[in-house]
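# Fold and geometry: a report
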Amino acid sequence: MIRLDYTQAKSFLPDPELAQGLERARDAHARLMDGSGAGSEYLGWRDLMVEPDDALLGNLQDVAAEIRQRADVFLSIGIGGSYLGAKAVIEALTPYFPTGDGPEVLFAGKDMSGAYLRELLGYLEGKSVYVNVISKSGTTLEPAIAFRFVREWMELHFDDADDRIIVTTDPERGALNELRKAHPYRKYVIPPRVGGRFSVLTPVGLLPIAVAGVDIRSLFYGAVAESERLSQLDNNSAIEYAAVRCRLLENGYSTEVLAHFEPRLSSIGGWWQQLYGESEGKGHNGLLPVSLQYSTDLHSLGQYVQDGKRNLIETFLIAEDDGGDMTVDIDSANLDGLNYLEGKSLTEINRKAYEGTARAHVQGGVPVLTLWLENITPGSIGELIYFFQHAVAVSGYMLRINPFDQPGVEAYKKEMFRLLGKP
Ligand code: PA5
């Protein structure tokens, strides 16, 4: 269960405004639950929770087990919602350093760097490679270009290239379905009612995550449990989160920092940035989502958060149990002067860093919220994914926008394609 503590934001939000925010958030939540809000044709991410597809989860686990046995590298090709969720969950839930257990999961098609692609293809030489190309539309330029290069490379290097390539795409539309007419690639479907940034709990995220060795059933059912909790009006932390952040936005706070103290959560921050930025940033509205990793970033952007322009709110993402177990020992010479930390674990020290930072930032004029995860396990990460998805939908409805479209993303593409001479 994701717990929200917003006591350190209360002094920035008079009680009547908070009460009004909560009332509007409850109303927005009701529209999400009864499907009467804008963009409700894209509520498939909630349907997944109501009717879990165990057969699909089993199939994904079987295919992942096959790939784990046969591959040195699993290359996932995709961008935005077809990439960030898998990266986030894999980094959160797998060891920091390679263990040799299962294939290395690499990503491509997330940019258009020729240097990256050339070096990647060089790195793949001599390795057993499986590829998962993921694109809902099948027309996104970055993954389409990367897949053209990788496809040619695969065909040159493997007689069974078609068996090693899996596509994840729309049921019928798009170039990947066209390619399947010539190549019998295995295919997973992205449910049409699930938008890209809400698709991590579909095969988009689940196949790469399972190949990385993560228990996708626990991940998925963590999300299901959170969705059940958040379907209630009482003690609903997603409603409270949406209420507080949206009321603060309306009071002039225009940036939300999501800060954590555990490096493995960094890409969760990247996934959150996309989910919140693409869902809320429209109609000249929305909080700019900025993900920071503390204490690293306290030594860079920490200065700005403490003392820069006062338009920031800060949400800490903290795990009660962060999985760390290093304890500082006594050193008889104490030349580094650290003996005052004797017997303290790095978890305790990091916790004090969080408490101290939160206090200092509140004193500096930053409203602070804290989201508490129980631990960093598949179940808790599943809870967190659903929590953020539910809360952004409630926030979007509070801000009177459609949280499920992304019209602004098309503008740059139009200009770029004009310059590239696309017919
Ligand atoms: O959230 C979204 O819809 C986007 O970020 C898309 O996921 C991203 O643009 C990739 O699109 P596609 O999967 O169609 O290639």
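So, a few notes on the structure that sits alongside this text. If you're wondering where the values come from, they're calculated on a predicted model, not measured in any experiment.

The final tally for this structure, using the stated rule, is 23 aromatic pairs. Where Tyr83 meets Phe107, the ring centres are 5.3 Å apart and the plane angle is 70°; that geometry is what we call edge-to-face. Taken as a pair, Tyr83 in the loop between strand 2 (73–77) and helix 4 (84–93) and Phe107 in strand 3 (residues 104–108) lie far apart in primary sequence, 24 residues in all. Taking the relative accessible area as the measure of exposure, Tyr83 reaches 13% and is therefore buried. Taking the centre distance of 6.4 Å and the plane angle of 75° together, the rings of Phe261 and Tyr354 count as edge-to-face. Taken together, the residues Phe261 in the loop between strand 7 (255–260) and helix 12 (266–280) and Tyr354 in helix 14 (residues 346–363) connect sequence positions 93 residues apart. Tyr354 carries the same exposure label as Phe261, and that label is buried. Ring pairs connect the aromatic residues Tyr241, Trp271, Trp272, Tyr276, Phe387 and Phe388, which therefore count as one cluster. The aromatic ring of Tyr116 is capped on one face by Lys110, whose charged end is 3.9 Å from the ring centroid.

In any sheet, the strands associate via hydrogen bonds between backbone groups, in a parallel or an antiparallel arrangement. Across the sheet, which stays open at both edges, the five strands sit in the order 3-2-4-5-6 with parallel pairing between neighbours. One side of each edge strand has no neighbouring strand; the edge strands of this open sheet are strand 3 and strand 6 (186–189). The sheet shows a mean angle of 20° between the axes of neighbouring strands, taken without regard to direction. The sheet contact formed by strand 4 (residues 129–135) and strand 5 (residues 165–169) spans five bridges and is parallel. Across the sheet, the residue bridging to Val131 is Ile165, located in strand 5. Against the sheet, helix 8 (residues 175–182) touches strand 4, strand 5 and strand 6, its axis set at about 145° to strand 5.

Conventions used here
- Residues numbered from 1 in each chain as written.
- Predicted model: local features only at pLDDT ≥ 70, side-chain atom pairs only at ≥ 80, totals over all residues.
- Heavy atoms only, no water.
- Phe/Tyr/Trp six-rings, centres within 6.5 Å; stacked < 30°, edge-to-face > 60°.
- Helix = DSSP H or I, 4+ residues; strand = E, 2+ residues; numbered from the N terminus.
- Buried < 20%, exposed > 50% of the residue type's maximum accessible area, 1.4 Å probe, protein only.
- Lys NZ or Arg CZ within 6 Å of the ring centre and 35° of its normal.
- Pairing = 2+ DSSP bridges.
- Axes fitted to C-alpha atoms, helices over the stretch in contact; angles between N-to-C directions.
- Contact = heavy atoms within 4.5 Å.

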